[in-house]
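So the chains spell out like this:
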Amino acid sequence: MKPLRLLLSATLLATTIITVAPGARADDDAKIEARIEAWGRNCKNALVAKYPKASMADISVELGATLKQSIDAGETTLKQIKESGLTYNWTYKKKSGYCNTDGEGNVTEVVKQ
């Protein structure tokens, strides 16, 4: 009787995790997307300050490709983003580089390559 009870308990636990996890993951996904957008805007603002003749429309900012793939695959979590921040690639006219943010969205580095 005990093996059957153990099997039923394990099945119930797995079912609970499966039904709860997608909602939690969706919430984290929404928070990650909000950070990507807001912190990318912070990078744009830093670039406008660095290049006074530039407008927000003149500057293109994209999440780093490797980081984007990792987030899309679910390999990078909200917790990790809060700890490490995000990295963006930027272009302005013929200039390009990257912009790093900390775990609160503050721009920590703007580098021209």
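Coordinates for the structure precede this section.
For clarity, every value in this text was computed on a predicted model and none was experimentally measured.

Scoring rules and cut-offs
Residues numbered from 1 in each chain as written. Predicted model: local features only at pLDDT ≥ 70, side-chain atom pairs only at ≥ 80, totals over all residues. Heavy atoms only, no water. Helix = DSSP H or I, 4+ residues; strand = E, 2+ residues; numbered from the N terminus. Contact = heavy atoms within 4.5 Å. Polar contact = N/O pair within 3.5 Å; in protein donor to acceptor, adjacent residues only side chain to side chain. Pairing = 2+ DSSP bridges. Phe/Tyr/Trp six-rings, centres within 6.5 Å; stacked < 30°, edge-to-face > 60°. Buried < 20%, exposed > 50% of the residue type's maximum accessible area, 1.4 Å probe, protein only. Axes fitted to C-alpha atoms, helices over the stretch in contact; angles between N-to-C directions.

Residue position: T76 is located in the loop between α2 (65-72) and α3 (78-84). In sequence terms T76 and I32 are 44 residues apart; their C-alpha atoms lie 9.8 Å from each other. Those residues in contact with T76 that sit more than four places away from it in its chain are I32, L67, S70, I71 and I81. Within polar-contact distance, the side chain of T76 engages the side chain of S70 at 2.4 Å.

What follows covers the pairing of strand β3 (residues 95-101). Note that strand β2 (residues 87-92) and β3 share 6 bridges and pair antiparallel. What sits directly across from T87, in β3, is N100. For β3 and strand β4 (residues 107-112), the ladder comprises 5 bridges, and the chain directions are antiparallel. Directly across from T101, in β4, lies its bridge partner V107. The hairpin formed by β3 and β4 contains 5 residues between the paired strands, and G105 there has a positive phi angle of roughly 90°.

Here we take up the packing of aromatic side chains. Enumeration according to the criterion identifies 2 aromatic pairs in this entry. On the numbers, 5.3 Å between centres and 35° between planes, the contact of Y51 with Y92 is tilted. Here the residue Y51 occupies a position in the loop between α1 (2-50) and β1 (59-63), and Y92 occupies one in strand β2, the gap between them amounting to 41 residues. The buried category is assigned to Y51, whose relative accessible area is 13%. The rings of Y51, W90 and Y92 are connected pair by pair, giving a single aromatic cluster.

Moving on, we get to the side chain of N100. With respect to the secondary-structure elements, N100 resides in strand β3. In this structure the side chain of N100 is engaged in a polar contact, spanning 2.6 Å, whose partner is the side chain of E109. Beyond its immediate chain neighbours, meaning those up to four positions away, N100 contacts L86, T87, N106, V107, T108 and E109.

On to the sheet that holds β4, then. Sheet strands pair via backbone hydrogen bonds, and the direction of the pair is either parallel or antiparallel. One open sheet holds the 4 strands; their spatial order is β1-β2-β3-β4, and the pairing between them is antiparallel. Strands at the two margins of the open sheet, each flanked by one partner only, are β1 and β4. The sheet shows a mean angle of 20° between the axes of neighbouring strands, direction not considered. Here β1 runs beside β2; their pairing, made up of 5 bridges, is antiparallel.

This paragraph deals with unusual backbone geometry. With a phi angle near 50°, K93 is a residue other than glycine that sits in the positive phi range. Relative to the helices and strands, K93 resides in the loop between β2 and β3. Note on K93: relative accessible area 68%, which makes it exposed.

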